[in-house]
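Structural characterization, general
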Amino acid sequence: MRKLALLLLFVAFTTTAERASALSADDLATREGEIAFGQAWLKSMRSRLGERIDPFCTDLLETWLTRLKNQFDLGTMPMTALCLNSQEFNAFAAPGGIVGVNRGVYLDLKSESEIMAILAHELAHLAQRHHYRGLRNSERMSTGTLATLAGVVAAIATRQGQAAQSLIMGGQAANATSALAYSRDYEREADRIGVTALQGAGYPPQAMSQVLQVLSEKQSQSTRDLAFLSTHPLGIERQSDLDARVAQMNQTDTGTPVLSAVDFSLFRCIQTEGLQISYTTNPEANCGSIHKILELYRSEQYKDALVLFDQLPLSTRNTFSGLDIEIALTIKTGDFDRTKQAIDTIALFYPSWLQPTIARVDLTIAQGIAELPRELREHMVQRPERLDLWRALARFAQAFKQDHLLFEARGWDALLNGKLEASKTQLSRARDSWPKSLDQRPLELLEKAINQTESL
Ligand SMILES: [Zn+2]
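Anyway, here's the lowdown on the structure attached to this text.

Here is what the cut-offs are and how they apply
- Residues numbered from 1 in each chain as written.
- Predicted model: local features only at pLDDT ≥ 70, side-chain atom pairs only at ≥ 80, totals over all residues.
- Pairing = 2+ DSSP bridges.
- Helix = DSSP H or I, 4+ residues; strand = E, 2+ residues; numbered from the N terminus.
- Axes fitted to C-alpha atoms, helices over the stretch in contact; angles between N-to-C directions.
- Contact = placed C-beta atoms within 7 Å.
- Buried ≥ 20, exposed ≤ 12 C-beta atoms within 10 Å, placed from the backbone.
- Expected span 1.5 Å × (residues − 1).
- Core = buried A, V, L, I, M, F, W, Y, C linked by C-beta atoms within 7 Å.

1. What about the sheet that holds strand S3 (residues 91-94)?
Here 3 strands make up an open sheet; going across it, the order is S2-S4-S3 and the pairing mixed. Taken across any chain shown, the strands that pair with only one partner, and hence form the sheet edges, are strand S2 (80-84) and S3. Between one strand axis and the next, the sheet turns through 15° on average, direction left out of account. Of the pairings in the sheet, the one linking S2 to strand S4 (residues 98-102) comprises 5 bridges and is parallel in character. Looking at S4, one finds that Cys-83 is bridged to Val-101. Taken strand by strand, helix H3 (residues 55-69) contacts S2 and S4, and its axis lies near 130° from that of S2.

Right, dumping it as structure tokens:
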């Protein structure tokens, strides 16, 4: 299944490659080039990544990444966080600050420190320019088409096994696999630099060892994760290298995590809904009641779900993850005062988060008030790459039958998913139906983004 998806990726790239001019690894040499490449790569990959449209998860991941980013020499590189649906224990970084995390990692991670260790490792790959260096190391890959370069980046970023790599690249580009020859050294380097950053950000460096311990355990398990293991054969070896390093590190005070321990456990339960938690060493990670609440929610038994939620200890309900569940439930049961209070609490602590604004959109829909929250437009100007914003606009447009907004939302959705022609069509529909008296700037914004994509 995974291989098929990657094969499709290659096919998709080959069909668009004709009009793409020759690119070289040097396009990744500057941070600007890297960001432009990364955004183009994301557009072509996005619909195949299995993204989870979960504003809370995305905001949280962004907050974690921002906290770590200052520990690296990454300048003003923007961070694009992607919450992914895959059950596999994996995360990846792609050029230009794109970081994706599978929800499968939460099956095994027991603390925020451990997810931070994974993110620190991924950001270290970016800070050390491993994609660029990997491409440079392969002479025959010094120039190529967007198809071949993007294929290599996809392979490095998602670290697929050898078989998958040949599938991605095929034919002439098969030589490019040598670009990955240094990946073992890169893994060690990312561990080493990542663990220092982890400590600098106020987390115990031991968390990196714990993550490598999980990798080692997976190694000794069945052949289930074969593709993953074939590219990460060093779990045990990496761990002993790292343990020696961690032992030499000075003990420093650890900072306050973004989520409390109870909050993280709850977040973990939400992320692993429908999955079987494999290591239940942590009694707090008992997700039974949370999964039951979510199950009732999915089967539209909102009142029963809320009753169960209200039976949870106050310390569990009064977490950010708890508030996120409360918002979803009370919007459906019509307890709008509770919804508002929960939204305001999150917004108070995290003013930059998009989740409260998106929740306000859904609240207006539930209340039948056809008025877009003012700050939604501001977020759209600043963070147009956030798919969840446009999905919220589409829900609003559909609820109140506002076609011009629906076309706008679909135009962005298509653009972010690499469907340029469809995006143009939606833009022209939006233009035709846009009320004359209305602010025209949203149309200009979409047009500008389309033109930017086209010039790449
Ligand atoms: Zn790595």
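Still to come is the rest of the account.
2. Examining helix H12 (residues 261-271)
Where burial is concerned, most of H12 is hidden: 9 out of the 11 residues are buried. Listed in full, the buried residues belonging to H12 are Asp-263, Phe-264, Ser-265, Leu-266, Phe-267, Arg-268, Cys-269, Ile-270 and Gln-271. Close packing links the buried residues of H12 with helix H4 (112-127), helix H13 (288-298), helix H15 (314-317) and helix H16 (320-333).

3. Notes on helix H21 (residues 403-416)
Within an α-helix, residues lying three or four positions from one another point in the same direction, as the helix has 3.6 residues per turn. For H21, spanning 14 residues, the distance from its first C-alpha to its last is 20 Å, which sits close to the expected 20 Å at 1.5 Å a residue. Counting buried positions along H21 gives 11 out of 14 residues, so the element sits mostly inside the fold. Burial in H21 covers these residues: Leu-405, Leu-406, Phe-407, Glu-408, Ala-409, Arg-410, Gly-411, Trp-412, Ala-414, Leu-415 and Leu-416. Buried residues along H21 sit against helix H2 (31-45), helix H20 (387-399), helix H22 (420-433) and helix H23 (441-454).

4. Some words on the environment of Ile-98
Among the structural elements, Ile-98 can be located in strand S4. Sequence spacing of Ile-98 and Leu-126 is 28 residues, and the spatial spacing of their C-alpha atoms is 9.2 Å. Those residues in contact with Ile-98 that lie beyond four places of it in its chain are Gly-38, Leu-42, Thr-80, Leu-82 and Ala-93.

5. Focus: the nonpolar core
In terms of nonpolar packing, the biggest core is built from 54 residues, with Leu-68, Val-99, Met-116, Leu-119, Ala-120, Leu-123 and Leu-198 touching the most fellow members. If you list the elements that add at least two residues to this core, you get H2, H3, S2, S3, S4, H4, helix H8 (183-200) and helix H9 (206-220). With 10 residues, the single largest contributor to this core is H4. Setting aside anything within four residues of it in sequence, one finds Ala-120 in contact with Leu-68, Gly-194, Ala-197 and Leu-198. Counting residues in hydrophobic clusters, the runner-up holds 45 residues, among them Trp-353, Leu-393, Leu-405 and Ala-414.

6. Re the pairing of S3
As defined by bridge partners, S3 adjoins S4 across 4 bridges and the pair is classed as antiparallel. Residue pairing in the sheet places Ala-91 in a bridge with Val-101 of S4. Connecting S3 to the antiparallel partner S4 that follows it, the hairpin turn spans 3 residues, and Gly-96 within it adopts a positive phi of roughly 85°.

None of this, on its own, says anything about what the molecule does.
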